[in-house]
Amino acid sequence: MNAIPLSHPEILAPAGDSKAFCAALAAGADALYLGLKNFSARMEAENFSFRELSRHIDLAHAHGARVYCALNTMLKHNELIQSFHCLERLRTLPLDGIIVQDLAFLDLVQQTGFSGGLFFSTLANITHPEILPSLAAMGVDRVILPRELSLDEIRTMGSHCPENLTLELFVHGALCYCVSGRCYWSSYMGGKSGLRGRCVQPCRRRYSLQYAPKTERAQGKQGASSSYFSCQDLSLAEVTQELLQIPQLNSWKIEGRKKGPHYVYHTVKAYRLLRDYPKDAKAHVEANTLLAMALGRPTTHARIYPTKPLVPTDPSGKTSSGLFVGTLVASDEGMALLAKVDIAAHDFLRIGSEEEKWHQTLAVQHPIAQGTRTVLRLQGKTKPPSKAPVYLIDRREKEVVLGLKKMGTELAEIPGVEAKAVTASLHLPKRCVAKRRYDITLLDQIPLGRQNRSQKHTLLGLWLSKKTVGISKTVAKRVSWWLPPVVWPNESSKIAALVHALWRDGCRHFVVNAPWQRVFFPDQLDDESDLVAGPFCNVANALSLKALADMGFQAAFVSPELSEETILSLPKVSPIPPGFCPGWLFSGWDQPLWSFGDETAYALYQSQGRSILGAGIRAKCVDLSGLATRFSQQRRRAS
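None of these values were measured; they are calculated from a predicted model.

Enquirer: Looking at this structure, how should I read helix H2 (residues 50-62)?
Expert: In an α-helix, one turn spans 3.6 residues; hence positions three or four apart end up facing the same way. Under the 1.5 Å per step criterion, the end-to-end length of H2 is 19 Å for 13 residues, consistent within 8% with the ideal 18 Å. Buried residues of H2: Phe50, Leu53, Ser54, Arg55, His56, Ile57, Leu59 and Ala60, and no others. After H2 finishes, the residue glycine 64 shows a positive phi value of roughly 75 degrees.

Structure, rendered in structure tokens:
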């Protein structure tokens, strides 16, 4: 085997708890990422306290590995002081970097003097290359790319990277059905925000196909229940040689902060082999064997090959993680496992699929031989049905156990440090005195007749497209032009050209739906310009709004996921006028998601494209400062 030079990308491993952390180090990870008890986008993982973090950082550094802390949730305004204190304490540790999505951290890093790396999460949805030099100028050290990019698009992003900015890419692990940072599905269905680390994983649920196309209805599939949106796991093992040829891509990231040590150990070992011995056939065979036993879901390369994209869902196949080991059968003593393979002592099993409410996990105390029946000690009030599938989800092989024991022994000797009281104060921006602005009626088609006429305090909004910019120049100047929620690398030049044409014709009101779309406009804005950050920018606090103001935005719509109380409190602290889209943004969501009135659900899971639920918006967007005043008046009259 001929190893590649030392200028290779790091293998970045997930660590949801101490055992997974130790497994990653034992497998030879170059870096690890983890979360604290707050501000982590994986709040259901065990995560780490401050003292635990300090001990694990020392252990990692003793083995030449780096540690990054994920503070990658959307921050509400009342969490700014807590996040400031958190970063002040992290500043005292030799932490190598933080992973964030909220713009507030641009200011928090400056105020605290945190000297580690600043990495923008995939939830920040940085999808087009023109913004990368500007991010480096803001102090960003690394951008974590979306999982929806193709290999050509990753190369394009790399070619636009300045020398002081690097890229990170997910190479293995779970896929979301929707675009990262643009999914409100969990909020809509479960009332818990994926942007705040509390996703209820609606894409893993089962849905009934109630409005199937004629071909499907003829086959009797209408009303059939299946996991139409549950994605297979991403695996880029077959693409690693191409990834090594992108020098700006200096981190290969493995997803899985809710996974066990077995998964972490096997995936780290596999990708180390693929990185270190890219042209060795034996190394590739060994790596694929390791990945097959990582006990994840069936894998896919998804969109990585632009000419051969794969649909990452398979409603007819298995969607659960783990290795199928048998089924439950009823016996006089209770529910027994009819084993299809040998099961070792201390293996962890899951009864049923993850989307089943009655599913449960248990540890095996004694070996189970293939072909035998063994009664399982099940927990919970709801018993699994007969013939329920059983999956192996974690295995403590000797090599893994010895590695965990060694790292655990070293960790036990590290005392760690306790968090100290923070004496510094957070400085918040000065509140603006906002005048009454206009509301926006946003349409999804070119207006006709009287729709062209703007009313007092109301502006007509249109989605930017090649079709809509064809309206008359007179009407175009009276329109609020809305950019799409995501601009992909192969679309950015087209969007830039459309914006340039409208700007040249005197249009000055634009709503951008990612802060990074600011790059499509002149560096110096004239006095007539009115650039507004749209609802997809996901802002919820004064420091994020300040960051937008510093970028040249005159106003901003706040996140649609906020409560009424939080929304109405923001005009009192915002440095620019805030706005809000009343109700939910999505025109097709006036009924439960699993009962679309057309073939949308079917088309979504059949599509090979990158899906953004709710990309077609028809909404009334209002000035929040005026809204707060009107709400207060209504409440006084009601009382």
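Enquirer: Just checking my understanding: could you explain unusual backbone geometry for this structure?
Expert: Even without being a glycine, asparagine 125 presents a positive backbone phi close to 60 degrees. Note that asparagine 125 resides in the loop between strand S5 (117-120) and helix H5 (132-138). Exposure remark for asparagine 125: the relative accessible area of 2% places this residue in the buried category. Despite not being glycine, asparagine 538 shows a phi value in the positive range, around 60 degrees.

Enquirer: Got a minute to help me understand the nonpolar core in this structure?
Expert: Ranked by internal contacts, the top residues of the largest apolar core, which has 150 residues, are Phe21, Leu71, Leu90, Ile98, Trp481 and Phe510. When residues in this core are grouped by element, the largest group, eight residues, is from helix H10 (residues 261-276). Not counting the four nearest positions on each side in its chain, isoleucine 98 is found in contact with Cys69, Leu71, Leu87, Leu90, Phe105, Val109, Phe114, Gly117, Leu118 and Phe119. One finds Leu328, Ile343, Leu349 and Leu392 within the second-largest nonpolar core, a separate group that totals 17 residues.

Enquirer: Is there a simple way to think about the sheet that holds strand S13 (residues 323-331) in this case?
Expert: Strand pairing within a sheet occurs via backbone hydrogen bonds; the two strands may be parallel or antiparallel. With respect to topology, six strands assemble into an open sheet ordered S16-S15-S18-S13-S14-S17, the strand pairing being antiparallel. Strands with a single pairing partner mark the edges of an open sheet, and in this sheet they are strand S16 (360-363) and strand S17 (373-375). Averaged over all pairs of adjacent strands, the angle between strand axes in this sheet comes to 35 degrees, irrespective of strand direction. As paired elements, strand S15 (residues 348-351) and strand S18 (residues 389-394) share four bridges and run antiparallel to each other. Of the residues in S18, the one forming a bridge with leucine 349 is leucine 392.

Enquirer: Before we go on, may I ask you to explain the pattern of salt bridges in this structure?
Expert: Opposite charge on two side chains makes pairing possible when the charged atoms of those side chains draw close. Counting across every chain of the model gives 23 salt bridges. In this structure, the salt-bridge partner of glutamate 88 is arginine 91, at a minimum N-O distance of 3.1 Å. Measuring nitrogen to oxygen at the nearest pair gives 3.6 Å for the salt bridge that ties aspartate 505 to arginine 504. The exposed category is assigned to arginine 504, whose relative accessible area is 57%.

Enquirer: Is there a simple way to think about helix H12 (residues 398-412) in this case?
Expert: Its 15 residues place the ends of H12 21 Å apart at the C-alpha level, agreeing with the 21 Å of an ideal helix rising 1.5 Å per residue. When H12 is considered as a whole, its buried residues turn out to be Val400, Gly403, Leu404, Met407 and Leu411. Buried residues of H12, seen end-on, are gathered within an arc of 100 degrees and therefore sit on one face of the element. Facing away from the buried side of H12 by over 90 degrees, the exposed positions are Lys398, Lys405 and Ala412. Check the buried side of H12 and you find it contacts helix H1 (18-27), H2 and H10.

Enquirer: I would appreciate a short explanation of the environment of asparagine 250 in the present structure.
Expert: Here asparagine 250 lies in strand S11 (residues 249-254). Its relative accessible area of 26% is what places asparagine 250 among the partly exposed residues. Once the C-alpha coordinates of asparagine 250 and leucine 167 are considered, the two residues, 83 residues apart in sequence, prove to be 6.1 Å apart. For asparagine 250, the contacting residues outside a window of four places in its chain are Pro9, Glu10, Arg142, Thr166 and Leu167.

Enquirer: I tried to follow the pairing of strand S20 (residues 458-463) on my own but got confused; where do I start?
Expert: Strand residues, when the strand is regular, have side chains that alternate between the two faces of the sheet. By the criterion of burial, S20 is predominantly enclosed, with six of the six residues buried. Residues Thr458, Leu460 and Leu462 line one face of S20 and the alternating positions Leu459, Gly461 and Trp463 line the opposite face, and both faces are buried. In terms of strand pairing, strand S19 (residues 439-443) meets S20 through five bridges, oriented parallel. The residue of S20 that forms the bridge with leucine 443 is leucine 462. Bridge count between S20 and strand S21 (residues 479-482): four bridges; the pairing is parallel.

Enquirer: Please clarify how the state of the cysteines should be interpreted in this entry.
Expert: One covalent bond between the sulfur atoms of two cysteine residues makes up a disulfide. Inspection of the entire model under this criterion finds zero disulfides. No disulfide involves cysteine 199; its nearest neighbouring cysteine sulfur is the one of cysteine 203, lying 6.2 Å away. The class of cysteine 199 is partly exposed, set by a relative accessible area of 35%.

Enquirer: Whenever I open this one, the confidence of the model for the protein chain confuses me. Can you help?
Expert: Detailed reading of predicted coordinates is not advised where the pLDDT is low. Looking at the protein chain, pLDDT values average 85 and 85% of them are 70 or higher. Contacts for the low-pLDDT stretch residues 1-6, under 50 throughout, to residues beyond four places or in other chains number eleven contacts. Every residue in residues 626-636 is under pLDDT 50, and counting partners more than four places away or in other chains gives ten contacts.

Enquirer: Explain the pairing of strand S23 (residues 530-533) to me, please; I cannot follow it from the model alone.
Expert: Residues Asp530 and Val532 of S23 are buried on one face, and the alternating residues Leu531 and Ala533, pointing to the opposite face, are buried as well. Two elements, S23 and strand S24 (residues 555-557), share two bridges in a ladder whose sense is parallel. Considered in S24, the bridge of alanine 533 is made with alanine 556. The β-α-β motif built from S23, the intervening helix H15 (residues 542-551) and the parallel element S24 has right-handed crossover chirality.

Enquirer: Looking at this structure, how should I read the packing of H1 against H10?
Expert: The description of two packed helices rests on the angle between their axes and on the distance between the axes. Packing of H1 against H10 brings their axes to within 8 Å, and their N-to-C directions diverge by 25 degrees. Comparing their axes, H10 and H1 come out roughly parallel. Crossing handedness for the pair H1 and H10: right-handed. Contacts between H1 and H10 involve Lys19, Ala20, Ala23, Ala24, Ala26 and Ala27 on the former and, on the latter, Pro261, Val264, Tyr265, Val268, Lys269 and Arg272. In the contact of H1 with H10, the residues fall into nine nonpolar, no polar and three charged.

Enquirer: What should I look at first to understand the packing of aromatic side chains in this one?
Expert: For any pair of aromatic rings, geometry is given as the distance between the ring centres together with the angle between the planes. Within the structure shown, the criterion is met by 15 aromatic pairs. Here tyrosine 177 and phenylalanine 229 contribute two aromatic rings whose centre-to-centre distance is 5.1 Å and whose plane-to-plane angle is 85 degrees, an arrangement assigned as edge-to-face. Linking tyrosine 177 in the loop between strand S7 (166-173) and helix H7 (185-190) with phenylalanine 229 in the loop between strand S9 (225-226) and strand S10 (233-235), this pair joins segments that are 52 residues apart in sequence. Residue classification places tyrosine 177 among the buried positions, given a relative accessible area of 10%. Connected via pairs of aromatic rings, a cluster forms that spans Tyr177, Trp185, Tyr207 and Phe229.

Reading the values: rules and limits
- Residues numbered from 1 in each chain as written.
- Predicted model: local features only at pLDDT ≥ 70, side-chain atom pairs only at ≥ 80, totals over all residues.
- Heavy atoms only, no water.
- Helix = DSSP H or I, 4+ residues; strand = E, 2+ residues; numbered from the N terminus.
- Expected span 1.5 Å × (residues − 1).
- Buried < 20%, exposed > 50% of the residue type's maximum accessible area, 1.4 Å probe, protein only.
- Core = buried A, V, L, I, M, F, W, Y, C linked by side-chain atoms within 4.5 Å.
- Contact = heavy atoms within 4.5 Å.
- Pairing = 2+ DSSP bridges.
- Axes fitted to C-alpha atoms, helices over the stretch in contact; angles between N-to-C directions.
- Salt bridge = Lys/Arg side-chain N within 4 Å of Asp/Glu carboxyl O.
- Arc of directions from axis to C-beta.
- Disulfide = S-S within 2.5 Å.
- pLDDT = per-residue confidence, 0-100.
- Right-handed = clockwise from strand over helix to strand, strands pointing away.
- Parallel < 35°, antiparallel > 145°, perpendicular 65-115°, else oblique.
- Left-handed = near helix turned anticlockwise from the far one by under 90°.
- Nonpolar A, V, L, I, M, F, W, Y, C, P; charged D, E, K, R; others polar.
- Phe/Tyr/Trp six-rings, centres within 6.5 Å; stacked < 30°, edge-to-face > 60°.

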